[in-house]
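# Analysis of the macromolecular model
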Amino acid sequence: MSEQLQYVTLGVADELFAAPVTKVQEILDMRPVARLPRAPDNLLGMIDVRGEGVPVLDLRLTLGMEPAADTENTRIVVLTINGADGLLTIGLRADRVFEVTVLDHEALDPPPPVSAGWGDQVIQGIGRRNGEFVTVLDLDRMLGSIPLPASRAA
């Protein structure tokens with residue numbers, strides 16, 4: 001039996017997204033974020049994770065969605081991604097985190113070809129979980145080129 005890829009499923013607005021579990025270091029309850037002057041709108045600021053300053057991006061704003069207030073379900077998913085200068089540790093604020101799971105089929109469908117280049121930046125592919133569409137995020141391409149404050153590589 002082949003070992004299936006596992007994903008952490010995230011809720012943002014009414015949408016379901018997934019991140020490969022191999023990229024996830026930990027999932028934190030929402031906590032105070034130190035704001036940074038003149039930061040891009042989607043860069044909420046920095047948090048301390050075991051003595052390391054970790055930048056936190058708002059997934060809603062990164063994906064071009066409307067901002068929303070934190071709730072008791074809001075989480076920060078701490079990820080390790082491949083950035084332009086090597087491995088980076090970054091936090092991603094999501095409305096909620098559901099579970100670690102496998103998708104219904106191992107193979108992902110490609111992003112829809114509705115606009116050239118659009119899906120290439122954020123979507124690794126489209127999967128299904130219990131019959132619902134799940135957008136698997138290409139975290140390296142989506143986040144690896146975002147200018148971040150000076151943070152240490154992972």
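Below or above, wherever it landed, is the structure these notes cover. Please read all numbers here as calculations on a predicted model, not as lab measurements.

## Regarding the sheet that holds strand β3 (residues 24-29)
Reading across from one edge, β3-β6-β7-β5-β4 is the order of the 5 strands in this open sheet, with mixed pairing throughout. Strands with a single pairing partner mark the edges of an open sheet, and in this sheet they are β3 and β4 (43-49). Between one strand axis and the next, the sheet turns through 35° on average, direction left out of account. Direction of pairing for β3 relative to strand β6 (residues 75-83): antiparallel, over a ladder of 5 bridges.

## Let's talk about the side chain of T9
As for its placement among the helices and strands, T9 is situated in strand β1 (residues 7-12). For T9, the residues in contact, after removing those within four places along its chain, are L16, F17, A18, V97, F98, E99 and T101.

## Some remarks on the nonpolar core
Membership of the largest hydrophobic core comes to 23 residues, with the highest contact counts inside it found for L59, L79, I81, L92, L139, M142 and L143. Mapped onto this core, the elements with two or more residues apiece are β1, β2 (15-20), β6, β7 (86-94), β9 (123-129) and α3 (139-143). Here this core gets 4 residues from one element, more than from any other, and that element is β7. Excluding anything up to four places from it in sequence, L143 contacts L57, T62, L79, I81, I90 and L92. Judged by nonpolar contacts, the second largest core, of 9 residues, contains V33, L44, I47 and V49.

Here is what the cut-offs are and how they apply
Along each chain, the written sequence defines residue order, and numbers are assigned to residues from 1. Side-chain atom pairs in this predicted model are given and counted only at pLDDT of 80 or more, local residue features only at pLDDT of at least 70, and totals for whole chains, interfaces and linings cover all residues. Side-chain metrics rest on all non-hydrogen atoms present in the structure, leaving aside hydrogens and water. Pairing between strands is defined by DSSP: at least two bridges between the two strands are required. Secondary structure elements are taken from DSSP: a helix is a run of H or I of four residues or more, a strand is a run of E of two residues or more, and numbering for both begins at the N terminus. Axis geometry follows a simple rule: fit a line to the C-alpha atoms, using only the stretch in contact for helices, then measure angles between N-to-C directions, giving values from 0 to 180 degrees. Any two residues whose heavy atoms approach within 4.5 Å are treated as being in contact. Nonpolar core, defined: a set of buried Ala, Val, Leu, Ile, Met, Phe, Trp, Tyr and Cys residues in which side-chain atoms within 4.5 Å join the residues together. Think of it in three bands: with a 1.4 Å probe and only protein chains considered, a residue is buried below 20% of the maximum accessible area for its type, exposed above 50%, and partly exposed in between.

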